[in-house]
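Structural overview
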Amino acid sequence: MNGTHCIAPTPHRRRSPSRAGGGAAGFTLIEVLLATVLLATALALAFATLRAATATAQRGEAIAQHSERMRAVELFLRRRIGGTRPIGFDMDEANGVPMRFIGEPDRLRFVADLPDYLGRGGPYLHDLTVVDGDDGRQLRIAFSLVMAGETFEETDPRPPELLATQLQSARFRYRTLNSEGAVGEWLDRWETVDRLPLQVEVTLQDLGGRQWPPMIVYLPLAGSVIGAQP
């Protein structure tokens, strides 16, 4: 060797792959916006579904309460009208006959025993009237004590009870047996005040047009009026 040093070739180093090329890529702005829109849409749909379910439940509860109210009023009217007694509550000055039952299209007066759960017992004049209210027509009932064929004003009278509200129409009709012994036609007025009709029809309709269940009440004591004392 002539003293010349040989320099060994330096091995070629491999360049490490870029972190940008080999690491996990981040979300782009478009992807973030898209995810936000989807989340907002899902929340809006969830809230809309919840509102719809709540409204449906509220409507169902309102319908159930109204139906329960209708059944209660129907039962009350059937018991009160069906319990009519042939007792006079006033005297017709024109002919001197006792008034036991007065029926008009929008008013009905008769005597029946007031049950104990209403606070007072004994015979009371039941005065059913249809009046105009702030929210449509209303059906009310008032009670007055009856003694010896007369109606007395009490010192502490019961206020009228409100039976039904928001009515579009309310009507009473009456019928009895005709001269041939068959059930006669319906009458808008009952003018034979000293006798009871055989049947009373109560027709109620809500403001929305929904008809209440038909109520035709039979009066068991209609045939016992003849010869009855006031």
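Residues numbered from 1 in each chain as written. Predicted model: local features only at pLDDT ≥ 70, side-chain atom pairs only at ≥ 80, totals over all residues. Heavy atoms only, no water.

1. Things to note about the pairing of strand β9 (residues 199-206)
Within a regular beta strand, the side chains point alternately toward one face of the sheet and then the other, so they alternate between its two faces. Among the 8 residues in β9, 8 count as buried, and that is most of the element. Along β9, one buried face is formed by Q199, E201, T203 and Q205 and the opposite face, lined by V200, V202, L204 and D206, is buried too. Two strands pair when backbone bridges link them, and strand β8 (residues 161-175) and β9 are joined in this way by 8 bridges, in the antiparallel orientation. Opposite R171, over in β9, you have T203 as the bridge partner. Pairing analysis gives 4 bridges linking β9 to strand β10 (residues 215-218), with the strands arranged antiparallel. Within β10, the residue paired with Q199 across the bridge is Y218. (Buried < 20%, exposed > 50% of the residue type's maximum accessible area, 1.4 Å probe, protein only. Helix = DSSP H or I, 4+ residues; strand = E, 2+ residues; numbered from the N terminus. Pairing = 2+ DSSP bridges.)

2. Quick word on a nonpolar patch on the surface
Where nonpolar side chains cluster on the molecular surface, the patch consists of L39, L43, F47 and L50 and spans about 420 Å² of accessible area. Among the secondary structure elements, F47 is positioned in helix α2 (residues 29-82). (Patch = residues over 30% accessible without salt bridge, like charges linked within 9 Å, V, L, I, M, F, W, Y side chains within 5 Å. Areas by Shrake-Rupley, 256 points an atom, 1.4 Å probe, with all protein chains shown as cover. Salt bridge = Lys/Arg side-chain N within 4 Å of Asp/Glu carboxyl O.)

3. Thoughts on the nonpolar core
If you look at the biggest cluster of nonpolar residues, it comprises 33 residues, and the most contacted ones within it are L77, I81, F101, L108, L128 and L139. Secondary structure elements with two or more residues in this core: α2, β4 (107-113), β5 (123-133), β6 (136-147), β8, β9 and β10. With 8 residues, the next largest nonpolar core counts I87, M99, I102 and L125 among its residues. (Core = buried A, V, L, I, M, F, W, Y, C linked by side-chain atoms within 4.5 Å.)

4. Topic: the confidence of the model for the protein chain
For the protein chain, the mean per-residue pLDDT works out to 82, and 80% of the residues sit at or above 70. By mean pLDDT, helix α1 (residues 19-22) is the weakest element of the protein chain at 48, and strand β3 (residues 101-103) is the strongest at 96. Predicted confidence is poor over residues 226-230, with pLDDT under 50, and the contacts of this stretch with residues over four places away or in other chains come to 10 contacts. (pLDDT = per-residue confidence, 0-100. Contact = heavy atoms within 4.5 Å.)

5. What to know about the pairing of β6
In this sheet, β6 lies alongside β5 in antiparallel orientation, the contact comprising 10 bridges. Residue pairing in the sheet places H126 in a bridge with F143 of β6. Counting the residues that bridge the hairpin from β5 to β6 gives 2 residues. Sheet analysis places β6 next to β8, joined by 4 bridges and oriented antiparallel. Within β8, the residue paired with R137 across the bridge is L167. Across 3 bridges, the pairing between β6 and strand β7 (residues 150-152) is antiparallel. Considered in β7, the bridge of L145 is made with F152. Joining the antiparallel neighbours β6 and β7 is a turn of 2 residues, in which A148 adopts a positive phi near 50°.

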